[in-house]
Amino acid sequence: MSEEATAAADIGPLNIQRVMAALPHRYPMLLVDRVEELVPDQRIVAIKAVSMNEEFFQGHFPGRPIMPGVLQVEALAQAAGVLAVESLGLAGSGKLVYFMSIDGVKFRKPVEPGVLLRLEVEFIQKRSRVCKFAGRATLNGEVATECEFTAMIADPPAA
């Protein structure tokens, strides 16, 4: 594909309203604040603004606030959810993206309040309902967290 065709396929930036149209998550579990770049069927770059006002900092840890690793992975998964939903044209459909597995997660740098956590996720494999992703969260170009994970696209549970 030519560089012009690739640039034409890019979507972004996406504001919080567009993110919320793709994801069912809401405060305090919405961990994607905006999307910088999205190339359907390929990759996404999203941002999580990490604020001292986050509820988890009250107990993790008093006097040394650090974003829990599990929430860093969740932020990557939510970015992957936006990528999958936008790539498959499912925004606003009510479809959910469920975690199936997480592999090879590594935490390399603590994530503290006052930073912009850059979430970079790409498709490794995509099938009709199951997708595999590689993700990494960076701080000023340094890797804080990296992992691979698999997710399933499904209907929400019946009420």
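Above: the structure in question.
Description of the structure in this document.

The rules behind each value
- Residues numbered from 1 in each chain as written.
- Predicted model: local features only at pLDDT ≥ 70, side-chain atom pairs only at ≥ 80, totals over all residues.
- Heavy atoms only, no water.
- Helix = DSSP H or I, 4+ residues; strand = E, 2+ residues; numbered from the N terminus.
- Buried < 20%, exposed > 50% of the residue type's maximum accessible area, 1.4 Å probe, protein only.
- Contact = heavy atoms within 4.5 Å.
- Pairing = 2+ DSSP bridges.

### Some points on the environment of Ala-84
1) Next: Within the secondary structure, Ala-84 sits in helix H3 (residues 69-87).
2) Next: What makes Ala-84 buried here is its relative accessible area of 0%.
3) Next: On a C-alpha basis, the gap between Ala-84 and Ala-134 in space is 13 Å, while along the polypeptide they are 50 residues apart.
4) Next: In this structure Ala-84 touches Phe-123, Phe-133 and Ile-153, once residues within four positions along its chain are discounted.

### So, the pairing of strand E4 (residues 115-126)
1) Next: Taken together, the 8 bridges between strand E2 (residues 43-50) and E4 define a ladder with antiparallel strand orientation. The residue bridging Val-45 from the neighbouring strand is Glu-120, located in E4.
2) Next: Alignment of E4 against strand E5 (residues 130-139), held across 8 bridges, turns out to be antiparallel. The residue bridging Leu-119 from the neighbouring strand is Ala-137, located in E5.
3) Next: If you look at the hairpin formed by E4 and E5, you'll find 3 residues sitting between the two strands.

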